[in-house]
Amino acid sequence: MYRASRTLHFCYGHRLLGYEGKCRNLHGHNGKLVVTFEVGHLDELGMVLDFARIKQAIGSWVDENLDHRMILCREDPVVPYLQKLGEPLFLMDKNPTAENIAQLIFEQASAMGFPVVMVKLWETPHCSASYRPAKILSRRLHD
């Protein structure tokens, strides 16, 4: 198996509903995203994927949907106020934790047809969360 990863950067804000710490307040992050892909055979050029293609497709989606936006739970009571002000939002059905944002990006990359196996999101230089589906993990344990 061959793996390749692409790192992308974006800025976003969020807050966590039901959380007792600082993250219950609106705040921002300079996110570092690492998207990892895996294939059994390299393409005709000897690559897993063209890094430029990853940046163009996944990077563009992140730029258009998440970069410089407040990523909030759809149920957050501040949403109507921010919408009224015309603030750029991305609404999720879940709390916008790093784990859930990583899953969101994984699912988007997968829907684009990329052979994504894991997405890792660094919220700070010291804190990250990653997502990979259980089926990939169980497939690895049985191979």
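This report concerns the structure included in the present document. (Residues numbered from 1 in each chain as written. Predicted model: local features only at pLDDT ≥ 70, side-chain atom pairs only at ≥ 80, totals over all residues. Heavy atoms only, no water.)

Here's the deal with the packing of aromatic side chains
According to the stated counting rule, one finds 4 aromatic pairs in the structure shown. Ring centres of Trp 61 and Phe 90 lie 6.1 Å apart, and the angle between their planes is 80°; this geometry places the pair in the edge-to-face category. One end of the pair, Trp 61, is in helix H1 (residues 51-65); the other, Phe 90, is in strand E4 (residues 89-92), and 29 residues separate them in sequence. A relative accessible area of 14% places Trp 61 in the buried class. On the accessibility criterion, Phe 90 (16% relative accessible area) is buried. (Phe/Tyr/Trp six-rings, centres within 6.5 Å; stacked < 30°, edge-to-face > 60°. Helix = DSSP H or I, 4+ residues; strand = E, 2+ residues; numbered from the N terminus. Buried < 20%, exposed > 50% of the residue type's maximum accessible area, 1.4 Å probe, protein only.)

Description of the pairing of strand E5 (residues 116-124)
Pairing of strand E2 (residues 27-39) with E5, which is carried by 6 bridges, proceeds in the antiparallel orientation. The residue of E5 that forms the bridge with Thr 36 is Met 118. With 5 bridges joining them, E5 and strand E6 (residues 127-131) adopt antiparallel strand pairing. Its bridge partner being in E6, Val 119 is matched across the sheet by Tyr 131. (Pairing = 2+ DSSP bridges.)

Some remarks on the layout of surface pockets
Reported here for the largest pocket is a volume of approximately 150 Å³. Around the largest pocket sit His 14, Leu 16, Tyr 19, Cys 23, Thr 97, Ala 98, Glu 99, Glu 123, Cys 127, Ser 128 and Ala 129, which together line it. Here the element with the most residues in the lining of the largest pocket is E6; it accounts for 3 residues. Classifying every residue of the lining of the largest pocket by side-chain character gives 6 nonpolar, 3 polar and 2 charged. (1 Å grid on protein atoms, 1.4 Å probe; cavity = no way out; pocket = protein on both sides within 12 Å on 5 of 7 lines; lining within 4 Å. Points joined across faces, edges and corners; volume = space filled by probe spheres on them. Nonpolar A, V, L, I, M, F, W, Y, C, P; charged D, E, K, R; others polar.)

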